[in-house]
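Observations on the model geometry
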Amino acid sequence: MAEGGDKHPLADKLKSALDALSIGDTKSRPKSNYAFWSTQPVSQFGEAEEGSSSATGSGNGPIDAPKTVADVKKEPYALPANFQWDDCDVDSDQTLAELHELLSLHYVEDDENMFRFAYSADFLRWALRPPGTRREWLCGIRVTTTKKLVAFISGVPMRMRVDGEERPMVEINFLCVHKKLRHKRLAPVLIREITRRVNLTDIWQAVYTAGVVLPRPAAEAQYWHRTLNPRKLVEVGFSRLAPRMTMARAIKLYRVGATPTIPGLRPMVAADVPAVTRLLTGYLASFRLAPVLHEEEVAHWMLPVPNVMHTYVVERAGTGELTDLLSFYTLPSTVINHKTHTSLTAAYMFYSVPATVPLAQLLGDALILASSTGHDVFNALDIFENGPVLRDLKFGIGDGKLRYYLYNWRVAKGMQPSDVGLVML
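Each residue is numbered by its place in its chain's sequence as written, counting from 1. For this predicted model, a pLDDT threshold of at least 70 governs which residues receive local features, and a threshold of 80 or more governs which side-chain atom pairs are given and counted, while totals over whole chains, interfaces and linings are taken from all residues. Side-chain measures were taken over the full set of non-hydrogen atoms in the model, leaving aside hydrogen atoms and water.

Naming follows an unreviewed UniProt entry, where the protein chain appears as Glycylpeptide N-tetradecanoyltransferase of Prototheca wickerhamii. Listed in UniProt under the heading Sequence similarities (unreviewed entry), the comment for the protein chain reads: "Belongs to the NMT family." Database annotation for the protein chain, UniProt heading Function (unreviewed entry): "Adds a myristoyl group to the N-terminal glycine residue of certain cellular proteins." UniProt positions are given in the numbering used here, feature names are shortened, and annotations may be inferred rather than shown by experiment.

Dropping the structure here:
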């Protein structure tokens, strides 16, 4: 139970898509029970970490033997009768509306059917159209007769650094199958097909996350949650008051300041991209797993997007130098069948750089900014340097974990949360 009476933090309540699709489990189990994952080039349970072999002959490296594009299957994987592949055009408002409907109703849900993620069109465009994205990596399945979109998986390009070695990879996300079609085992076909499509571009590794345990996590991070609007969270059933805690005391406990405390803090603008790139590059270099971001990617991921992305820089007075960075993104959820409230708005910590400002002060101002822009709760993982400061900022530890996985890449030694410098949506 999270501090202050949070009963079911949303990131914990909502099931992982992999769990719902029956290709993951919430508890560790023997390798032989992972019928699909035991066939894939991923680290398996039971393998020794230190000194484990790979195709490169060292502890770190590809799991599969080296291949070329000529070795890749040229035709798409077969689908059951009456289904067809579709490359989803997220520049199309109609396709975005279809994708929004699919994800809202079938991607993740809470056990009590009280909340559903509500991805806006702007959020999906931001998440699925970074520089270098290929339309064929936004891979959908439609019913042949009605053209209804019933399944989806995405891959977006990202250059990753793992233990000092840079590799082109894709981030795999938004694996979703219509609830009524899960008996058709479309999820493994989606994974194989997106792998085939990515391999055709001479990319052989991927990174993905899940709340469930799969073979085998490279790292495990813990969710933490900070209440911003206790009255609403209690009213919608997201939280409950702890014993002997009144609503008045809860409101006082979680109240944040009216204005940020850091001198020179302002929203990021396009002219800041080069300086922010330098800040991020220097900071992320200290983590074992982190993206390698160039200016084009920084412009896409970090520049503010109304109601989606919130980024602030600290500008030194007199010199104009940018010294620090904080950011978070917005992901609302629909509140189902409530008389008063229709949505719940969560902020998720993104990339921050504490250089001249202590991290606790940066995150404290992030809470103030999130509260002032209508967010009800602030979520963070204990990655980066977050772990030691979250409790002091009245974050409560959640029940859920987020596992990081690498496809066709073995790490010789497991990572601690503080080794991870990667945020995935």
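This part covers the packing of helix α3 (residues 93-106) against helix α4 (residues 121-128). In contact at an axis separation of 10 Å, α3 and α4 are set at 95° when each is read in the N-to-C sense. As far as their axial angle goes, α4 and α3 are roughly perpendicular. Contacts between α3 and α4 involve Asp 93, Leu 96, Leu 99, His 100 and Leu 103 from the first element and Ala 121, Leu 124, Arg 125 and Leu 128 from the second. Throughout this entry, Asp, Glu, Lys and Arg are counted as charged residues, while Ala, Val, Leu, Ile, Met, Phe, Trp, Tyr, Cys and Pro are counted as nonpolar. The remaining residues, Gly among them, count as polar. Residues belonging to the contact of α3 with α4 are distributed by class as follows: six nonpolar, one polar and two charged. Structural elements are reduced to axes, namely lines fitted to C-alpha atoms, with helices fitted over the stretch in contact, and the angle between N-to-C directions of any two is expressed from 0 to 180 degrees. Counting from the N terminus, the helices are the DSSP runs of H or I reaching at least four residues and the strands are the DSSP runs of E reaching at least two. For classification, angles of less than 35 degrees are called roughly parallel, those exceeding 145 degrees roughly antiparallel, those between 65 and 115 degrees roughly perpendicular, and all remaining angles oblique. Contacts are residue-level and defined by heavy atoms, with any inter-residue pair within 4.5 Å sufficient.

What follows deals with empty space enclosed by the protein. Only protein atoms enter the calculation, which uses a 1 Å grid: trapped sets of points that fit a 1.4 Å probe without letting it out are cavities, open sets showing protein on both sides within 12 Å along at least five of seven lines are pockets, and any residue with an atom within 4 Å of a point is a lining residue. Grid points are joined across faces, edges and corners, and a volume is the space filled by probe spheres set on the points. Tallied over the entire structure, the rule returns five cavities of 30 Å³ or more. Empty space within the largest cavity amounts to approximately 150 Å³. As for the largest cavity, its lining consists of 17 residues, and the residues nearest its centre are Val 156, Glu 171, Trp 301, Val 423 and Leu 425. Only α4, β4 (149-162) and β5 (165-177) provide two or more residues apiece to the lining of the largest cavity. Partitioning the lining of the largest cavity into residue classes produces 14 nonpolar, two polar and one charged.

Here the focus is the environment of Tyr 348. Within the fold, Tyr 348 resides in strand β12 (residues 343-349). The buried label goes to any residue with under 20% of its type's maximum accessible area, the exposed label to any with over 50%, and the partly exposed label to all in between, with areas taken from a 1.4 Å probe on protein chains only. The class for Tyr 348 is buried, based on a relative accessible area of 8%. Considering only alpha carbons, one finds Tyr 348 and Phe 378, 30 residues apart in sequence, at a separation of 5.9 Å. The contact partners of Tyr 348, leaving out residues within four places of it in the chain, are Phe 117, Phe 328, Tyr 329, Leu 331 and Asn 379.

Of the volumes computed, that of the second largest pocket is approximately 450 Å³. Taken together, 23 residues make up the lining of the second largest pocket; nearest its centre are Asp 64, Lys 67, Thr 195, Asn 199 and Trp 204. In terms of residue count, helix α5 (residues 186-199) provides more of the lining of the second largest pocket than any other element does, four residues in total. Its residues assigned to classes, the lining of the second largest pocket comprises nine nonpolar, seven polar and seven charged.

As a further point, take the packing of aromatic side chains. The aromatic pairing rule takes the rings of Phe, Tyr and Trp, using the six-membered ring of Trp, and pairs them if the centres are within 6.5 Å, calling planes under 30 degrees apart stacked, those over 60 edge-to-face and the rest tilted. For the structure on display, the rule yields 23 aromatic pairs. Measuring from centroid to centroid gives 5.5 Å for Tyr 119 and Phe 174, while their planes differ by 80°, and the two rings are edge-to-face. Taken together, the residues Tyr 119 in the loop between β2 (115-117) and α4 and Phe 174 in strand β5 connect sequence positions 55 residues apart. Ring geometry for Phe 287 against Phe 384: centres 5.5 Å apart, planes inclined by 85°, an arrangement best described as edge-to-face.

With that settled, the discussion passes to the environment of Phe 83. Summarising the element assignment, Phe 83 is placed in strand β1 (residues 83-87). Its relative accessible area of 14% is what places Phe 83 among the buried residues. It is 8.8 Å that separates the C-alpha atoms of Phe 83 and Lys 147, two residues lying 64 residues apart in sequence. Setting aside chain neighbours within four positions, we find Phe 83 in contact with Ile 141, Arg 142, Val 143, Thr 144, Val 150, Leu 181 and Lys 184.

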